[in-house]
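# Tertiary structure, described
Take a look at the letters that make up each chain.
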Amino acid sequence: MKKNSNVLILVTLAMFVALGVVISPILRFEGFAPTAHFVNVVSSVFLGPWYSLLNGTLTAIIRMTVMGIPPLAFTGQVFGAVLSGVLYRKTNGKILWAVIGEVVGTGIIGSIVSYPVMRLLMGKTGLTIFFYTPSFLIATLIGGSIAFIFLKTLQRNGTLYKIQKKLGVNIYERSKRNFSN
C-alpha cells in the first residue's frame, strides 16, 4: 500500500507541475502570475510543504527554460509554496493559513528576493527593493482566493478528505468534518 501511495504522490506532483506550466500564461505578465499561486496553494494542501516546494521549483525551471520567463518564475513561486504548506500543517489544516502562507511567502518574501536576482542576474536597472511587491501581492491574492474557494468546496463535500486519504498525507479534522461514507 505504501508503494502505491508513493507512486500516486509522484503522479499527483507531476500533474501539478504540468498544470502549473500549462496554465501559467493565463493572466501572466512579468511579476504577475496568479494561476501559479492557485497551483501552489492546492499543491500544499494536497501534498504538503516539501512536495509543494518541489512542484514550484520544477514548474519554475520548466517555465524559465521552455517559455523564456525570467527568474521571477522561481523567486515568485518557491517561497510561497513551502510557506503555504508549512502554515497549513502548523495550523492543523486551516486552508486560510495555506493562502496566507502563499501571500506572505511570495507576495512579500519572494518579491523582495526578486530585486537582487533581477538586478544582478538580469541586469535590470531602476528597480527598488519593493518594485515587485505590488504585483506579487495582487497575483497571490487572486490565485490564493481562487484556491481557497476551490479547496473549501472540496472540503465541504468531503472530496478533500478522500484525496488526502488516498495520497496518504496528513488529514485534519476539518477535512473529515462533512465526510460521510
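Bear in mind that the values here come from a model prediction, so they are computed numbers and not experimental data.

As a further point, take helix α3 (residues 49-67). Under the 1.5 Å per step criterion, the end-to-end length of α3 is 26 Å for 19 residues, consistent within 8% with the ideal 27 Å. Taken together, the buried positions of α3 are Pro-49, Ser-52, Asn-55, Gly-56, Thr-59, Ala-60 and Arg-63. Mapping the buried residues of α3 onto a view down its axis gives an arc of 125°, with all of them on the same face. Exposed and facing more than 90 degrees away from the buried side of α3 are Trp-50, Thr-65 and Val-66. Looking one or two residues past α3, Gly-68 carries a phi angle of roughly 70°, positive in sign.

This part covers the packing of helix α5 (residues 78-90) against helix α6 (residues 95-121). Between two packed helices, what matters for the description is the angle formed by their axes and the separation of those axes. Closest axis-to-axis distance for the α5/α6 pair is 7 Å, and the angle between their directions is 150°. Taken as axis vectors, α5 and α6 run roughly antiparallel relative to one another. Our pair here, α5 against α6, has a crossing hand that is right-handed. Where α5 approaches α6, its residues Phe-79, Gly-80, Ala-81, Leu-83, Ser-84, Leu-87 and Tyr-88 are matched on the opposing element by Ile-95, Trp-97, Ala-98, Ile-100, Gly-101, Glu-102, Val-104, Gly-105, Thr-106, Ile-109, Gly-110 and Val-113.

Parameters at a glance
Residues numbered from 1 in each chain as written. Predicted model: local features only at pLDDT ≥ 70, side-chain atom pairs only at ≥ 80, totals over all residues. Heavy atoms only, no water. Helix = DSSP H or I, 4+ residues; strand = E, 2+ residues; numbered from the N terminus. Expected span 1.5 Å × (residues − 1). Buried < 20%, exposed > 50% of the residue type's maximum accessible area, 1.4 Å probe, protein only. Arc of directions from axis to C-beta. Axes fitted to C-alpha atoms, helices over the stretch in contact; angles between N-to-C directions. Parallel < 35°, antiparallel > 145°, perpendicular 65-115°, else oblique. Left-handed = near helix turned anticlockwise from the far one by under 90°. Contact = heavy atoms within 4.5 Å.

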